[in-house]
Amino acid sequence: MNNAILQINELKTYFFTRLGVVKAVDGVSFDLRKGECLCLVGESGCGKTATALSILRLVDSPPGRIMGGAVMYHGEDLLQSTGARLRQIRGNRIAMIFQDPQSSLNPVFTVGDQIMEPIRLHLKLGQRPARERALSLMAQVGIPQAKERMKYYPHQFSGGMKQRAMIAAALSCDPEILIADEPTTALDTTIKAQILDIFRDLKQQKDMSILFITHDLGTVAGIADRIIVMYGGRIAEAGSVLDIFDRPKHPYTWGLLNCLPTISERREKMTPIPGVIPSLIDPPQGCIFYPRCQWHMPVCQEKRPEEFVISGEHIVACYLHK
Amino acid sequence: MVSKLLEVENLRKYYPVTAGLLARHVADVKAVDGVSFFIAEGETLGLVGESGCGKSSLGRALLRLEEPTSGQIIYRENDITSWSKQQLKELRREAQMIFQDPQSSLDPRMTIGDSIGEALLIHGVGTEKERLERVAELLQRVGLEQGHATRYPHELSGGQKQRTGIARALAVNPKLIVADEPVSALDVSVQAQILNLITDLQRELSLAYLFIAHDLAVIGQVSNRIAVMYLGQIVELAGRDDLFHQPLHPYTQALLSAVLLPDPHQPWKRTPLPGEVPSPIDPPTGCRFHTRCPRVMPVCRQEMPELRQLDGNHLVACHLYD
Amino acid sequence: MAIRRISDIFGGRRHLLFSGLLLVLLFVFLLDLLVIDHIFGPFVYFYLFFTLLIIFYGIYPLYVNRRLTRYYWERTKRHRLAVIGLSFIIFLVAVAILGPFLTQDPTEVDFPNKNLPPVGFSAEQAIYDRNTGNFITTETPGTWHHPLGTDDKGRDMLAMLVSGTRISLQVGLMATLIAIFIGLIMGVVSAYLGGWADNALMRFTDIMMTFPFFLLLVFIVFIFGPSLWFIILAIGLTGWTGTARLVRSEALSLRTRDFIMASKSLGASDRRIVFRHLIPNVLSSVIVIATLSIPGVILAEAALSFIGLGDPTVTSWGLVLHAGQRSLDTAWWIAVEPGIMLFLTVLAFNFLGDGIRDAFDPRSQV
């Protein structure tokens, strides 16, 4: 059970803007286990990206600042590590992939150079072995004619190919943990499926731990082992895929699952979650979801719900399940 | 027989590619390459396809916001292909557009009220007082508050901005609305709100929509009939349920199988579709899909299949059904 | 709604009213110039024109769109330096308008009181004693009659600085206005027409850019003689290239934005799209570039005066600076005071420009 390789405890990341303090991540705790794919799900502004960036201390500062908590990696708190130590870990032990492949590749270097860069930096390989390794990585993520394509510049790659190249670069040092921030959002349907295939293979064949961040429940259902639903900078519900999809407990999770259009039938009327996503500046005192919740009770307005255990690893932050 | 509101015959939209100082014309991007279909009064025709398939160009050429290269557009038995600017102004009162990016589709220096009322001003509808009343009515209809009229776009959320875009399109009482990816920039919970609004408006105002999207589930929620586009051409056109339950074209089949359902019990299928979309500058000969088609035959490489009616109203362009 | 009513009465006919008043102004100006013979100088007419322009296209829209104005003001206000800059500029404008009525004549020579230091300072001076026929070195303190001292001809420094403020602002505003106007037209036209017209206009801009502007100024002064008007015209007519390029690239990127397409799909005419959507949206960058180019113009005028190519009939900071540099060792204040003014003015405009740019920049939203 306790084979967690990354433990996040009470992480708090705030953004100090001129309008006020945005509590983007406000006390989030979870574990990432060996060889699992953990999905962080939520809508824009729920704090999922800020959480991921905080793990490697990549939050832009200012305005962002990690206010508290711990990120334990092999007994070491990454939030307390030195910059040099962190640079050894970034890209080497913990790699990251971003949403927009367009802006994550440097347009003035060839794709091959950019895949080789972390190899030479962290593995200290020479030009030739680095090249060999880059070639095999590119083949692994499904870039055809890798030898040829190494010499291409990013603008000569399509969106899907760029994302493959980004994954190749992230895998270059055989990281233990892969953090992927919406890696398929900018891609087309058929390409998205191809990229997800790669992630599935990584998990199964390399026993890699993946923290996968997305807003799309369809994506989640296909690859997640466990899911964390975030809302307003906090965890609303967490559990196994089946817990979340078959036995959801939080009204927000209900809303999310209900408001998706489906292929199988045309619904007479969609059931959206009413209201708007709240501002995280001066959030309400009680439950952040309270203004949009149909099941709210007086207690919801007064006190923030703590996380109640439903069964095993299924937890929910809602007074309905106290 | 249904009454056709808009009919398109063999529409083409090429964008010239120029090179050198003298802007020599070297090639064409064949964004829309011979497309024919019709939209009946009060129906929603969904247009689905991956990025770069020409669906947005088609939507714009249809309303002559961009000049079509060739082909015919017939609106209510009038050939509008050759209409003058003055005549087009009349068309603008009948056919409107909703845009993808709510941020960039509103002039940041105009209030919401002014944006909604702009069309009335352009067409000289009513007195100032009547126009203000109409704006108030439109605000209410799309679910905005009266106070929003004097706000600026930056003060509104994404969903509210998209509601503004819809109200603006409705101002002139159009019969046809081209909606170009109206929900793809929105969060899922808001997306459902907007989809409901779009279908409600259709019922109340007997609008016809051309609903352009890349997301099959979204398209399926609103459409009566669906056209699938690939590299500038329609490969399949059928009623919603026909298309979803009996897709005939291999591309449609691939698209449907690549849809990620929010259901963890769904067995994981590898997408049958390898490779990427070829360039629309130099599309493949014969069937445009033959480079990726899992059921490719020799004839596909030579002859371009025509869109033909199979049974009922199911149209497909594929040699498998010759 | 009160906002509505004002714009009702005034709104639709704003351009018409403005054009009408402009025609009246032009008529009076020509009458004055040709028939009545120069009751007011051309500057007076320019001021009137400028005031009209500011009221119709500055204050009026700011007032009608009060909430947007407040929003931008809130954002500008966050830059303390910008607010300080703006306060200083307002102070300068007040000085330029009211100052000359309150100070002495800056050209009045008063030799007995020459080289007086500012109040609070004193300077050693050799004064010719008529009784003995000798030079006596005495310690001369500053007097309140000349709070900033006098120059080597006994002219009041305060009066000269006030006069210089007026000249600098005149040159800065007018030359920039000319440059911005040409640049805006060139840029928008170029972007909107596209094709070969765009090409031709932009190549012309390139040629103008390569032109050594200071050399041109020297030439103009050499040929036409040193007149403030020619200096303004020369700076204005050569300084528009940067604006033209910026406006063009802004307009080009705006043209692809959906709201332009949306307006087109509503049936808006080209004219409406250009005037209602394109120009208002490039205007913010234009205001920024104008604010940031004013100090350059002021410095250029000062530099011209400093090297002796300025208009000798007007007392500008550059001229005083030029005069002061010769007596830097005996009367430092003559050169230092206009220098400080120049420095502060340039700094104020730059601060304000930076502040406005950040306020207008949507990327600094957070």
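Note that the structure is a prediction, hence the values are computed from the model and not measured.

1. Quick notes on the environment of R76(B)
All names here are of chain B.
- Relative to the elements of secondary structure, R76 occurs in the loop between β4 (70-75) and β5 (78-79).
- Distance from R76 to R295, taken between C-alpha atoms, is 40 Å for residues 219 residues apart in sequence.
- Sequence-distant contacts of R76, defined by excluding residues within four places in its chain, comprise L5, E41, E94 and K175.

2. A look at the interface of chain B and chain A
- Contacts between chain B and chain A engage 45 residues on the former and 46 residues on the latter.
- Taking both partners together, chain B and chain A bury about 3900 Å²; carbon and sulfur atoms supply 55% of that area.
- Applying the counting rule to chain B against chain A returns 1 salt bridge.
- For the pair chain B and chain A, the number of links is 10 residue pairs in polar contact (both at pLDDT 80 or more).
- Among the secondary structure elements, those contributing two or more residues to the side of chain B that touches chain A are α6 (188-205), α7 (216-222), α8 (240-245) and α9 (250-258) of chain B.

3. Topic: the sheet that holds strand β8 (residues 208-213) of chain B
Residues and elements named next belong to chain B.
- The 8 strands lie next to each other as β6-β7-β8-β3-β9-β10-β12-β11, forming an open sheet whose pairing is mixed. The sheet is open, and its two edges are formed by β6 (95-98) and β11 (308-309), each paired on a single side.
- Of the pairings in the sheet, the one linking strand β9 (residues 225-230) to strand β10 (residues 233-239) comprises 6 bridges and is antiparallel in character. Within the sheet, the bridge partner assigned to I226 lies in β10 and is A238.
- Of the strands in this sheet, β6 and β7 (176-180) are in contact with helix α5 (residues 158-170), which crosses β6 at around 175°.

4. Focus on the interface of chain B and chain C
- Listed by partner, the interface residues are 34 residues for chain B and 29 residues for chain C.
- Summed over both partners, the interface of chain B with chain C buries about 2800 Å², with 50% contributed by carbon and sulfur atoms.
- Viewed at the interface, chain C and chain B are joined by 3 salt bridges.
- For the salt bridge of D258(C) with R60(B), the shortest nitrogen-to-oxygen distance reads 3.2 Å.
- Here chain B and chain C share 14 residue pairs in polar contact (both at pLDDT 80 or more) between them.
- Looking at the side of chain B that touches chain C, the element that brings in the most residues is helix α3 (residues 112-122) of chain B, giving 5 residues.

5. Section: the domain arrangement of chain C
All names here are of chain C.
- Looking at chain C, the domain boundaries give domain 1 (1-64), domain 2 (80-114 + 150-360) and domain 3 (116-148).
- The distance between the C-alpha centroids of domain 2 and domain 3 comes to 39 Å.
- Counting residues at the interface gives 12 residues for domain 2 and 10 residues for domain 3.
- Buried surface at the junction of domain 2 and domain 3, both sides included, amounts to about 970 Å², of which 59% is carbon and sulfur.
- Our count for the domain 2 to domain 3 interface comes out at 0 residue pairs in polar contact (both at pLDDT 80 or more).
- Ranked by residues supplied to the side of domain 2 that touches domain 3, first place goes to helix α6 (residues 157-193) with 3 residues.
- Taken together, the residues that form the side of domain 2 that touches domain 3 break down as 5 nonpolar, 3 polar and 4 charged.

Calculation rules
Residues numbered from 1 in each chain as written. Chains lettered and ligands numbered in written order. Predicted model: local features only at pLDDT ≥ 70, side-chain atom pairs only at ≥ 80, totals over all residues. Heavy atoms only, no water. Helix = DSSP H or I, 4+ residues; strand = E, 2+ residues; numbered from the N terminus. Contact = heavy atoms within 4.5 Å. Buried area = accessible area lost by both parts, 1.4 Å probe. Salt bridge = Lys/Arg side-chain N within 4 Å of Asp/Glu carboxyl O. Polar contact = N/O pair within 3.5 Å; in protein donor to acceptor, adjacent residues only side chain to side chain. Pairing = 2+ DSSP bridges. Axes fitted to C-alpha atoms, helices over the stretch in contact; angles between N-to-C directions. Domains from an automatic or database assignment. Nonpolar A, V, L, I, M, F, W, Y, C, P; charged D, E, K, R; others polar.

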